[in-house]
Amino acid sequence: GENVEQHPSTLSVQEGDSAVIKCTYSDSASNYFPWYKQELGKRPQLIIDIRSNVGEKKDQRIAVTLNKTAKHFSLHITETQPEDSAVYFCAASIKDKIIFGKGTRLHILP
Amino acid sequence: KAGVTQTPRYLIKTRGQQVTLSCSPISGHRSVSWYQQTPGQGLQFLFEYFSETQRNKGNFPGRFSGRQFSNSRSEMNVSTLELGDSALYLCASSPIQGARTEAFFGQGTRLTVV
C-alpha cells in the first residue's frame, strides 16, 4: 500500500540534546524524501530533503539519513533550541504522490 | 514573489451544505496539490492538478472534487458536508508535476462543519 509510518508521535528532549525522528515507507520505488516543520498555527515548511541516490545529507544542525534496503529514513537535530519546538512531518514520494507521516510533536524542555 | 494564497481562511458550514475553497499558487508554479490535515492523522493527500488536469488522487470519496484554471489557480469543492469533514485544508504548489521537489504550502482554510 501507500504508507509512511512515523515514530515517535511525541518527543521531549532537553535543550541542547539531540532529537531523532524515524520513518519507514512502503514503496521501494520511492525516490524523494522531504521533511517539513510546522510551527503552531503556521504552514508546513520544508527543512531538508534527500533523494534516493544519496545516503545522508546535512544542513547545519539538521541531518537526514536514508537506508533504501530497509526503507527507513531518519531526521537528526543536534544541539536543540527552543525554536525547534514544532510538529515535524516526514514524507515519501509514492507513485507520483507525496505521502506524509502522521507527524512528531517535538518539545524542547528548558 | 508572493507565496501560496488560500481563501477564505476560515469557514463555518452546516451538515449537508457544500463548500468551495480557493488556492492561488506561486507565480510560475503549475502544480497544485490539496491536503486535509486533522489532529492525529497528519496530512492526507486529496489530489494534484497540473496544467488543468487531475494527475493524482488520494483515497477520499467522490464528494471531494477539484479543478484548475488556465492561470494555475485551483479550487476544491466538498459537497454534502459531514461533521468529519471539519479540518484544515492545505494546498501546496510546485513548479513541476509529481512528487519530485519541494512543495510550498499555503496558510490553509480551516473548515468547521456544524
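All of the points below concern the structure found in this document.

**Considerations on the overall build of chain B**
Step number 1: Each helix and strand in chain B was counted, giving zero helices and 11 strands.
Step number 2: Reading the secondary structure of chain B in the N-to-C direction produces β-β-β-β-β-β-β-β-β-β-β.
Step number 3: A globule of 114 residues ought to have a C-alpha radius of gyration of about 13 Å, and chain B, at 13 Å, matches this closely.
Step number 4: Structurally, chain B occupies a C-alpha span of about 35 × 30 × 25 Å along its principal axes.
Step number 5: Evaluated residue by residue, chain B yields a buried proportion of 51% over its 114 residues.

**Things to note about the interface of chain B and chain A**
Step number 1: Taken together, the contact between chain B and chain A spans 23 residues of the former and 19 residues of the latter.
Step number 2: Buried area between chain B and chain A, both sides added, is near 1700 Å², and the carbon and sulfur share of it is 50%.
Step number 3: Sorting the residues of chain B by area buried against chain A places Leu-43, Ala-99 and Phe-105 of chain B first, and these three jointly supply 31% of that buried surface.
Step number 4: On inspection of chain B and its partner chain A, the count reaches zero salt bridges.
Step number 5: Our count for the contact surface shared by chain B and chain A stands at six residue pairs in polar contact (both at pLDDT 80 or more).
Step number 6: Contributions of two or more residues to the side of chain B that touches chain A are made by strand E4 (31-38), strand E5 (42-50), strand E6 (53-57) and strand E9 (87-94) of chain B.

**Notes on the sheet that holds strand E6 (residues 56-59) of chain A**
Residues and elements named next belong to chain A.
Step number 1: Pairing within the open sheet is antiparallel, and its five strands lie in the order E1-E3-E8-E7-E6. The open sheet has two free edges, formed respectively by strand E1 (4-7) and E6, since each of these has just one partner strand. The average undirected angle you get between the axes of adjacent strands in this sheet is 15°.
Step number 2: Pairing of E1 with strand E3 (residues 19-25), which is carried by four bridges, proceeds in the antiparallel orientation. What sits directly across from His-7, in E3, is Lys-22.

**Examining the environment of Gly-66 of chain B**
Residues and elements named next belong to chain B.
Step number 1: Positionally, Gly-66 belongs in strand E7 (residues 64-68).
Step number 2: Given the relative accessible area of 23%, Gly-66 is considered partly exposed.
Step number 3: When the C-alpha positions of Gly-66 and Gln-54 are compared, they lie 8.1 Å apart, and in sequence the two are 12 residues distant.
Step number 4: In contact with Gly-66, not counting residues within four places along its chain, are Phe-47, Tyr-49, Glu-75 and Met-76.

**Notes on the layout of surface pockets**
Step number 1: A volume near 640 Å³ is recorded for the largest pocket.
Step number 2: Looking at the largest pocket, it is lined by 28 residues, and the ones nearest its centre are Gln-38, Val-87 and Arg-105 of chain A together with Gln-37 and Arg-110 of chain B.
Step number 3: Those elements giving two or more residues to the lining of the largest pocket turn out to be strand E9 (86-94) and strand E11 (104-109) of chain A together with E4 and strand E11 (109-113) of chain B.
Step number 4: In terms of residue count, E11 of chain A provides more of the lining of the largest pocket than any other element does, four residues in total.

**What to know about the pairing of strand E3 (residues 19-24) of chain B**
Residue and element names in this part refer to chain B.
Step number 1: Direction of pairing for strand E1 (residues 5-7) relative to E3: antiparallel, over a ladder of three bridges. Bridge pairing links Thr-7 to Ser-22 in E3.
Step number 2: When E3 meets strand E8 (residues 74-78), the two strands line up antiparallel, connected through five bridges. Across the sheet, Thr-20 pairs through a bridge with Asn-77, a residue of E8.

**Re unusual backbone geometry**
Step number 1: Note the cis peptide between His-7 of chain A and Pro-8 of chain A, where omega equals -5°.
Step number 2: Considering the arrangement of structural elements, one finds Pro-8 of chain A in the loop between E1 and strand E2 (10-14).
Step number 3: Here the residue pair Thr-7 of chain B and Pro-8 of chain B is connected by a cis peptide bond, since its omega of -10° sits within 30 degrees of zero.
Step number 4: Phi at Thr-80 of chain B takes a positive value of approximately 45°, unusual for a residue other than glycine.
Step number 5: Looking at the element boundaries, Thr-80 of chain B is found in the loop between E8 and E9.

**Some details on the side chain of Gln-6 of chain B**
All names here are of chain B.
Step number 1: Structurally, Gln-6 can be placed in strand E1.
Step number 2: Taking the relative accessible area as the measure of exposure, Gln-6 reaches 5% and is therefore buried.
Step number 3: At 3.0 Å, the side chain of Gln-6 forms a polar contact with the backbone nitrogen of Gly-108.
Step number 4: Setting aside chain neighbours within four positions, we find Gln-6 in contact with Ser-22, Cys-23, Trp-34, Tyr-89, Leu-90, Cys-91, Gly-106, Gln-107, Gly-108 and Thr-109.

About the thresholds
- Residues numbered from 1 in each chain as written.
- Chains lettered and ligands numbered in written order.
- Predicted model: local features only at pLDDT ≥ 70, side-chain atom pairs only at ≥ 80, totals over all residues.
- Heavy atoms only, no water.
- Helix = DSSP H or I, 4+ residues; strand = E, 2+ residues; numbered from the N terminus.
- Rg over C-alpha atoms; globule rule 2.2 N^0.38 Å.
- Buried < 20%, exposed > 50% of the residue type's maximum accessible area, 1.4 Å probe, protein only.
- Contact = heavy atoms within 4.5 Å.
- Buried area = accessible area lost by both parts, 1.4 Å probe.
- Salt bridge = Lys/Arg side-chain N within 4 Å of Asp/Glu carboxyl O.
- Polar contact = N/O pair within 3.5 Å; in protein donor to acceptor, adjacent residues only side chain to side chain.
- Pairing = 2+ DSSP bridges.
- Axes fitted to C-alpha atoms, helices over the stretch in contact; angles between N-to-C directions.
- 1 Å grid on protein atoms, 1.4 Å probe; cavity = no way out; pocket = protein on both sides within 12 Å on 5 of 7 lines; lining within 4 Å.
- Points joined across faces, edges and corners; volume = space filled by probe spheres on them.

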